[in-house]
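Report on the structure
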Amino acid sequence: MRSAGVIRAGVAMAACGVLLTTVAACGADGGDGGKKATAGANSSGGESGGAEARAADLKRIPGVGDRYQKQIPANARQVVAVYGDGKDAAGSTIALYTKSGDTWKKQRGWSGHNGKKGWTTSHHEGDNRSPVGVFTLSDAGGVLADPGAKLPYTQSASFQAPHYWSKSHWHDFDYVIAIDYNRAKGTSPNDPTRPQGQSKGGSIWLHMDHGSGTSACVSQSKGDMEYLLKTLDPKQHPVVVMGDKAELKA
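Residues numbered from 1 in each chain as written. Predicted model: local features only at pLDDT ≥ 70, side-chain atom pairs only at ≥ 80, totals over all residues. Heavy atoms only, no water.

1. What about the packing of aromatic side chains?
For the structure shown, the criterion picks out 5 aromatic pairs. When the centroid spacing of 6.1 Å and the interplanar angle of 80 degrees are considered together, the rings of Trp110 and Tyr227 count as edge-to-face. With Trp110 in strand β5 (residues 103-113) and Tyr227 in helix α3 (residues 222-231), this residue pair connects regions lying 117 residues apart in the sequence. You'll find Trp110 and Tyr227 in the same group, each marked buried. Plain terms: the ring middles of Phe135 and Tyr181 are 5.8 Å apart, the flat faces sit at 85 degrees to each other, and that makes the pair edge-to-face. Residue Phe135 is located in strand β8 (residues 133-142), and its partner Tyr181 is located in the loop between β10 (176-179) and β11 (205-208); the two are separated by 46 residues in the primary sequence. Taking relative accessible area as the criterion, Phe135 reaches 12% and is therefore assigned buried. Three or more aromatic residues joined by ring pairs form one cluster here, namely Phe159, Trp165, Phe173 and Trp205. Between Arg108 and the ring centre of Tyr227, over which it is positioned, the NZ or CZ distance is 4.3 Å. (Phe/Tyr/Trp six-rings, centres within 6.5 Å; stacked < 30°, edge-to-face > 60°. Helix = DSSP H or I, 4+ residues; strand = E, 2+ residues; numbered from the N terminus. Buried < 20%, exposed > 50% of the residue type's maximum accessible area, 1.4 Å probe, protein only. Lys NZ or Arg CZ within 6 Å of the ring centre and 35° of its normal.)

Here it is in structure tokens:
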């Protein structure tokens, strides 16, 4: 675990592509809703993914066409798939797939949220849309103590959402997993470095849900975040494949 001391006091935290010191991030204005993520949602199959998933021998990640399938690194053995309800919709269905040999199996599925205005293939800061694509998952952290994460985990009070935000958002960053979009891998998720420039946004995270759309992140329940933190393993080279369903099928 990284020490909290590596985060210098007074450094402004950037979250979900918007600097916390300037603009409320992750739908802090309440958003337009969409389906509320709940612990165990779509988990009738539990961690096995249900009878249908157990019976299927998947050679590809379901619902992902050639364009994005080819972007999944050959060494990736864990894929978090985020299927957006629509290009302009804030609701998502999320699933974890693991690979054994050349076969993928669904381990678990649940509901969540993405950017309050939907998705984009050309994300820029402040557009309130989540970036479509395939991104590695390298670092984690949050306000709360490490729950047993396999990814490098930074615990720090600097992740705390401002209390001038709506109370429903105060726990958004109790747990976060950095999505490697326009960030420096191997650093805390709230490191402000933007290799492609500030205008391209950054600090796109998997984090805890507040019941509505975000500014660009992907959110889910606390239980689902704990599950991902305990399951995603850097030795398995995890990635997230994310976008609206129609775009992902391309």
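2. What to know about the confidence of the model for the chain
In the predicted model, the chain carries a mean pLDDT of 84, and 77% of its residues have values of at least 70. Contacts for the low-pLDDT stretch residues 1-15, under 50 throughout, to residues beyond four places or in other chains number 37 contacts. In the model, residues 27-55 has pLDDT below 50 throughout and makes 65 contacts with residues more than four positions away in sequence or in other chains. (pLDDT = per-residue confidence, 0-100. Contact = heavy atoms within 4.5 Å.)

3. With respect to the side chain of Asp233
With respect to the helices, strands and loops of the structure, Asp233 is situated in the loop between α3 and β13 (239-244). Here Asp233 sits buried without a salt bridge, and the closest side chain of opposite charge, Lys150, lies 4.4 Å off (N-O distance). Reaching out from Asp233, the side chain makes a polar contact with the backbone nitrogen of Lys235 at a distance of 2.9 Å. When neighbours within four sequence positions are excluded, Asp233 is seen to be in contact with Gln78, Lys150 and Pro238. (Lys, Arg positive; Asp, Glu negative; His and termini not counted. Salt bridge = Lys/Arg side-chain N within 4 Å of Asp/Glu carboxyl O. Polar contact = N/O pair within 3.5 Å; in protein donor to acceptor, adjacent residues only side chain to side chain.)

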